[in-house]
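# Structure at a glance
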Amino acid sequence: MRFHNPFVQPPNLPKAKRHGPPVLIIRRNDRGAGIFAHFAVNVGLMRLAIDHGIVPYVDMRFADNAFTRGLPIPFNPWECFFDQVPGCDLDGLLRAKAVHLVSEELKSFRWPKCDPNFAKEGSPELLDWRQFVHEHLHVNRDMAAFAEERRKTLFGAEDNVLGCLIRGTDYTRMKPKWHPVQPDPETVIRDAKAICAERKLNRVFLATEDAAVVELFRRAFGDSLILNQTELPKYKSGYLMSSGAISDGEQVMRISRQYMTSILLLARCRCLLAGCASGTIGAMLLSDGYEWSRVYDLGTYP
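Let us look at the structure shown here. Remember, predicted model here, so these are calculated numbers, not experimental data.

Turning our eyes to something else, we now look at unusual backbone geometry. Positive phi outside glycine occurs at Trp178, with the angle close to 70 degrees. For Trp178, the location among the structural elements is in the loop between helix H6 (169-174) and helix H7 (185-199). With a phi angle near 55 degrees, Lys200 is a residue other than glycine that sits in the positive phi range. Within the secondary structure, Lys200 is located in the loop between H7 and strand E4 (203-207). On the basis of relative accessible area, Lys200 is assigned to the exposed category, the value being 64%.

Printed below as a string of structure tokens:
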């Protein structure tokens, strides 16, 4: 994880007299991270700030990430998905007192990680982070409205839905060190069939970025399968968000908006069966709770 001066005023902005509450500017330089990889770390830094009486401001505009690719853009991508914490906008940021945290404090902050202590419905750690997110982090109104329309279109009146999340492409090909091992699709399909029979679930909703996984689920579930994602990049190698499979920042935004919608739909499913990944963290924190859930605990890649 690489941060670039995460606690200073953005470049190329006019200096202003600072007053009012201090602000923590959160930036992350990482072209390989998707929106929910940013989400998990940002939630941790937001909590660090709020616990210290500081207003957090997530700045993805002046950072080198998959959305900007190091180039100037006229908007903050974070605000296309989530609202800023109340009390902090760009004008307020310029008027705020400067905030700097030393490296030791930066290293010590915690964020919601997809491990056995977190990824179990009803666990104290999950409930603690979920309460924080519901209180301090709200989905952008337009994004939420779009996802709700997709839910009505795809789910209709059906609420007996099993949500499945499977990471593939760069994750399973590159096996990033210390990241959670992902289940193979055949295992998830077998377990999903058993859970649907046991809990009398009628449909399966799949969130994935991997076209091969989609095809396997289509064969297994046929018309019972619900899919939201229509644009799946043709992955070859490297990190998906910065690879040749995604041509530019505009495509990153389209795919991220599509994936964000899928995670919001996943959060509305009755039950959850998922690999351990940042999208799973997002769904579990944005959900009001699942009737039943299982997140695969397969260790980490060496």
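Attention now goes to the pairing of strand E1 (residues 23-26). Side chains of E1 alternate between two faces, with Val23 and Ile25 and Leu24 and Ile26 buried alike. One ladder, built from four bridges, connects E1 with strand E2 (residues 55-58); its direction is parallel. When the bridges of E2 are listed, Ile25 appears paired with Tyr57. Running through helix H1 (residues 35-51), the crossover from E1 to the neighbouring parallel element E2 is right-handed.

On to the pattern of salt bridges. In the structure shown here, the tally under the stated rule is 16 salt bridges. For Lys152, the salt bridge identified is with Glu149, shortest N-O distance 3.9 Å. In this pair, Lys152 and Glu149 are both assigned in helix H5 (residues 141-155), three residues apart and thus about one turn of the helix distant. For Lys152, a relative accessible area of 46% corresponds to the partly exposed category. The partner of Glu215 in a salt bridge is Arg219, with the nearest N and O atoms 3.4 Å apart. With a gap of four residues between them, Glu215 and Arg219 both fall in helix H8 (residues 211-221), about one helical turn apart. A relative accessible area of 34% places Glu215 in the partly exposed class. Via salt bridges that share partners, Asp159, Arg199, Arg270 and Glu291 belong to a single interconnected network.

Looking now at the state of the cysteines. What is meant by a disulfide is a covalent connection between two cysteines, made through their sulfur atoms. If you walk through the whole model with that rule in mind, you get one disulfide. Between the sulfur atoms of Cys114 and its disulfide mate Cys276 the distance is 2.4 Å. Across the S-S bond linking Cys114 and Cys276, the dihedral sits near -130 degrees, which makes this disulfide left-handed. Remark: Cys276 occurs in the loop between strand E6 (271-274) and helix H10 (278-286) and Cys114 occurs in the loop between helix H3 (103-108) and helix H4 (124-136); sequence separation between them is 162 residues. Exposure remark for Cys114: the relative accessible area of 12% places this residue in the buried category. Of all cysteine sulfurs, the one in Cys164 lies closest to Cys196, which takes part in no disulfide; the gap is 7.2 Å. The class of Cys196 is buried, set by a relative accessible area of 12%.

Cut-off values and rules
Residues numbered from 1 in each chain as written. Predicted model: local features only at pLDDT ≥ 70, side-chain atom pairs only at ≥ 80, totals over all residues. Heavy atoms only, no water. Helix = DSSP H or I, 4+ residues; strand = E, 2+ residues; numbered from the N terminus. Buried < 20%, exposed > 50% of the residue type's maximum accessible area, 1.4 Å probe, protein only. Pairing = 2+ DSSP bridges. Right-handed = clockwise from strand over helix to strand, strands pointing away. Salt bridge = Lys/Arg side-chain N within 4 Å of Asp/Glu carboxyl O. Disulfide = S-S within 2.5 Å.

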